[in-house]
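# Remarks on the overall topology
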Amino acid sequence: MNKPAQPTRRQVYMLWFSRDPDEEMEIIVGIYGTEAEAQSALRLRADKPGFRDFPDGFHIDSWVLGRSSWDEGFVLYGPNVEREVPKSEIRPPNPESDK
């Protein structure tokens, strides 16, 4: 008996922008099927108002569809939070968790 074909995991490329790595404002510009498409989208926007003032603000990350990127929950920081969690207690996501 033939086994059903396993779906392939598709890689996509997210183009995003942030004026400053320490700033919380991030803009997802788009998600593309190839890195070349993401690079093309970056070039089309690099000279636009706002973007041109922060040429190092663009980033392209690759992601695999169907895989979680954050499994550990989240914490809130700020004056209205009962307990701030020390950064030493925050663990990064486990990329192996969805395999």
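Reference entry: report on the structure contained in this document.

Here is what the cut-offs are and how they apply
Residues numbered from 1 in each chain as written. Predicted model: local features only at pLDDT ≥ 70, side-chain atom pairs only at ≥ 80, totals over all residues. Heavy atoms only, no water. Phe/Tyr/Trp six-rings, centres within 6.5 Å; stacked < 30°, edge-to-face > 60°. Buried < 20%, exposed > 50% of the residue type's maximum accessible area, 1.4 Å probe, protein only. Pairing = 2+ DSSP bridges. Helix = DSSP H or I, 4+ residues; strand = E, 2+ residues; numbered from the N terminus. Axes fitted to C-alpha atoms, helices over the stretch in contact; angles between N-to-C directions. Arc of directions from axis to C-beta. Contact = heavy atoms within 4.5 Å. Core = buried A, V, L, I, M, F, W, Y, C linked by side-chain atoms within 4.5 Å.

### Digging into the packing of aromatic side chains
Within the structure shown, the criterion is met by three aromatic pairs. Plain terms: the ring middles of Phe-51 and Phe-58 are 5.1 Å apart, the flat faces sit at 45° to each other, and that makes the pair tilted. The burial state of Phe-51 is the same as that of Phe-58; both residues are buried.

### Some thoughts on the sheet that holds strand S2 (residues 27–32)
Read from one edge to the other, the open sheet built from three strands follows the order S2-S1-S3, with strand pairing classed as antiparallel. Lying at the two open borders of the sheet, with one neighbouring strand each, are S2 and strand S3 (58–64). If you compare each strand with its neighbour and ignore which way they point, the axes differ by 25° on average. Bridge count between strand S1 (residues 11–17) and S2: five bridges; the pairing is antiparallel. Within the sheet, the bridge partner assigned to Phe-17 lies in S2 and is Ile-27.

### Things to note about the pairing of S1
Of all seven residues in S1, six are buried; the element is thus mostly enclosed. Here S1 pairs with S3 via seven bridges, running antiparallel. The partner of Trp-16 across the bridge, within S3, is His-59.

### Things to note about helix H1 (residues 35–45)
Think of an α-helix as 3.6 residues a turn; residues three or four steps apart then line up on the same face. Regarding H1, the residues found buried are Ala-38, Ala-41 and Leu-42. With its buried residues spanning 100° around the axis, H1 presents them on a single face. Among the exposed residues of H1, those oriented more than 90 degrees off its buried face are Ala-36, Arg-43 and Leu-44.

### Let's talk about the environment of Leu-42
Summarising the element assignment, Leu-42 is placed in helix H1. Here Leu-42 falls in the buried class, since its relative accessible area comes to 19%. Taking the C-alpha atoms as reference points, Leu-42 and Trp-16, separated by 26 residues in sequence, lie 9.0 Å from one another. Contacts of Leu-42, omitting those with residues within four sequence positions, involve Leu-15, Phe-58 and Ile-60.

### Observations concerning the nonpolar core
Membership of the largest hydrophobic core is limited to nine residues, which are Tyr-13, Leu-15, Phe-17, Tyr-32, Ala-38, Ala-41, Leu-42, Phe-51 and Phe-58. Of all elements in the fold, only S1 and H1 reach the threshold of two or more residues within this core. When residues no more than four places from it in sequence are discounted, the contact partners of Phe-58 are Leu-15, Trp-16, Phe-17, Val-29, Leu-42, Arg-45, Ala-46 and Phe-51.

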